[in-house]
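Geometric and topological summary
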Amino acid sequence: MSLSNAFIAIIRRDLVLAYRRRAEVANPLLFFVLVITLFPLGLGAQTKLLQAMAPGIIWIAALLAAMLSLDSLFRSDFDDGSLEQFILSPHPLSVLILAKIVAHWLVTGLPLLLISPLLAIFLGMPEQSVPVLLWTLLLGTPVLSLIGSIGVALTVGLRRGGMILALLVLPLYIPVLIFAGNAVEMAGSGLPVGAQLNILAAILFAALVLAPLPAAAALKMSMNG
Amino acid sequence: MERLLSLEVKNLCCIRDDRVLFDNLSFNVFSGQALLLEGQNGSGKSSLLKILCGFREPDAGEVLWCGVEINNGTFFEQMAYVGHLDGVKKELTVLENLKIATALGKPGHYSIEETLEKVYLSGYDDVLVQSLSAGQKRRLSLARLLITDNKLWILDEPFTSLDKEGIAIFEALMVDHIAREGMVVLTSHHDITLHGIDVQTIRLA
């Protein structure tokens, strides 16, 4: 069968798996919502402060939610031997991994994107920033999954790789956080945000092309145990 | 008449945690042959199979498929591996698992229905793998060998958790595969009987 068939088959497989493990998959989304709802309670009645912090809060919560969901990317496939079969497939492993990342984003990134307008309003974010927030999340969250895949691929063979994963991946997330947070903040003041969005798009495309290759190499290394 | 396929292992050496598992190991397997690896636990059987699959780099020596390094040629289109792990997803049904296996490789000699019949799992199509017994799971992972198009089977303890009947069924399938110009490399603690097949035995010390 052709490569595109394999690509689609893997996305479909992972979506079915996610559907059958709904509770597990909902965790990052729940975390995202919880963190954001706790902020107004913690800060008290300081609407101005909350408004000013909203872009940062949403983005940091999204980033941590993404981190939280990363381990599930390869864990079960590694544990039950499915990953061995992926590696032995005549198709290039990087493309199969890209399919897994796409499915992972659809399950963990997209829900954050969909629920964020509600949370933005909840934090009192100015109306004109909400579309920009959505754009940054649309361009930024796939980058989190893509970059994260390299880190997980490196640490999946370790039993307690959680901390190392955070140390590996978080520094690489920072550019996304800076540009996305800045774009949403600027939009709140009515300033143009084209530059930030373009950079985010550039990061996304670069990650799309560049991340699956080292992730594939790292996975092969992790198998060599 | 198909070209004779060959798996050549030359001067292979494997070192694990400063312990030499095997050194200067050489053998050839051709289509129509089986290779049985014997040895105690920890003698490097699984490590050797992992090297043959390309999971592990040999510390010295090379593995050639039809004269070409396994990482460069068409090796992965023509091999199938069943290891200690079943490689099936327990939240998916039998059918979904087999479909993914065909999507990852090329459809082979048997259709999914025929394969399920061969491994005595017909009627289980829509059953989630987590509700199968260990032996049935094993048969499902062995079914993967039949639905994809391949010549070389690499099997690490394929008979684990299979009952007598299951072993007999699977031995017959191996004989059938080898008779169709296939080849099998396997490790097993069980005594295997492959009637009328050229079996090489290598003992790892």
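Analysis parameters
Residues numbered from 1 in each chain as written. Chains lettered and ligands numbered in written order. Predicted model: local features only at pLDDT ≥ 70, side-chain atom pairs only at ≥ 80, totals over all residues. Helix = DSSP H or I, 4+ residues; strand = E, 2+ residues; numbered from the N terminus. Rg over C-alpha atoms; globule rule 2.2 N^0.38 Å. Buried ≥ 20, exposed ≤ 12 C-beta atoms within 10 Å, placed from the backbone. Contact = placed C-beta atoms within 7 Å. Nonpolar A, V, L, I, M, F, W, Y, C, P; charged D, E, K, R; others polar. Axes fitted to C-alpha atoms, helices over the stretch in contact; angles between N-to-C directions. Parallel < 35°, antiparallel > 145°, perpendicular 65-115°, else oblique. Left-handed = near helix turned anticlockwise from the far one by under 90°. Pairing = 2+ DSSP bridges.

On to the overall build of chain A, then. Check the secondary structure of chain A and you find 10 helices and zero strands. Start at the N end of chain A and walk to the C end: the helices and strands fall as α-α-α-α-α-α-α-α-α-α. For 225 residues, the compact-globule estimate of 2.2 N^0.38 gives 17 Å, and the C-alpha radius of gyration of chain A, at 18 Å, lies within 12% of that figure. Taken along the three principal axes of its C-alpha coordinates, chain A extends 55 × 35 × 30 Å. Across the 225 residues of chain A, 44% fall into the buried class. The long-range share in chain A, meaning contacts at least 24 apart out of those at least 6 apart in sequence, stands at 81%.

Each partner contributes to the interface: chain B provides 25 residues, whereas chain A provides 21 residues. Within the residue set of the side of chain B that touches chain A, elements represented by two or more residues are β6 (79–82) and α2 (94–104) of chain B. Looking at the side of chain B that touches chain A, its residues break down into 12 nonpolar, four polar and nine charged.

Next up on the list: the packing of helix α7 (residues 129–155) of chain A against helix α9 (residues 194–210) of chain A. Residue and element names in this part refer to chain A. Their axes nearest at 9 Å, the elements α7 and α9 cross at an angle of 30 degrees. In this view, α7 runs roughly parallel relative to α9, as classed from their interaxial angle. Note on packing geometry: the crossing formed by α7 with α9 is left-handed. Of the residues in α9, those in contact with Trp135, Thr136, Leu139, Gly140, Pro142, Val143, Leu146 and Ile147 of α7 are Leu197, Leu200, Ala201, Ile203, Leu204, Ala207 and Leu208. Residues of the contact of α7 with α9, tallied by class, amount to 13 nonpolar, two polar and no charged.

Right, let's get into the sheet that holds strand β9 (residues 198–204) of chain B. All names here are of chain B. Ordered in space as β6-β7-β8-β3-β9, the five strands form an open sheet in which the pairing is parallel. Among the strands making up the open sheet, the edge pair consists of β6 and β9. Mean inter-strand twist for the sheet, computed between neighbouring axes without regard to direction, equals 15 degrees. Relative to strand β8 (residues 183–187), strand β7 (residues 152–156) runs parallel, the two sharing five bridges. Pairing of Ile154 across the sheet is with Val185, part of β8. Packing of helix α4 (residues 134–147) onto the sheet brings it into contact with β6 and β7, and relative to β6 it is tilted by some 175 degrees. Packing against the sheet, helix α5 (residues 164–179) makes contact with β3 (33–39), β7 and β8, and its axis sits at approximately 145 degrees to β8.

On to unusual backbone geometry, then. Residues and elements named next belong to chain B. The phi dihedral of Asp17 is positive, around 50 degrees, even though this residue is not glycine. Tracing the sequence through the fold places Asp17 in the loop between β1 (6–16) and β2 (19–30). With a phi angle near 65 degrees, Glu181 is a residue other than glycine that sits in the positive phi range.

Take the sheet that holds β1 of chain B next. Residues and elements named next belong to chain B. A sheet is described by the order of its strands in space; here four strands give the open sequence β2-β1-β4-β5, paired in antiparallel fashion. For this open sheet the edge positions go to β2 and β5 (68–69), each flanked by a neighbour on one side alone. Pairing of β1 with β2 involves eight bridges; the strand directions are antiparallel. Among the inter-strand pairings, Glu8 is bridged to a residue of β2, identified as Asn28. Sheet contacts for helix α1 (residues 45–53): β1, β2 and β4 (60–65); angle to β1, the most-contacted strand, approximately 125 degrees.

So, on to α2 of chain B. Among the 11 residues of α2 of chain B, nine are classified as buried, and the element is accordingly described as predominantly covered. Buried residues of α2 of chain B: Val94, Glu96, Asn97, Leu98, Ile100, Ala101, Thr102, Ala103 and Leu104 of chain B, and no others. Buried residues in α2 of chain B make contact with α1 (3–20) and α5 (82–88) of chain A together with α3 (112–118) and α4 of chain B.

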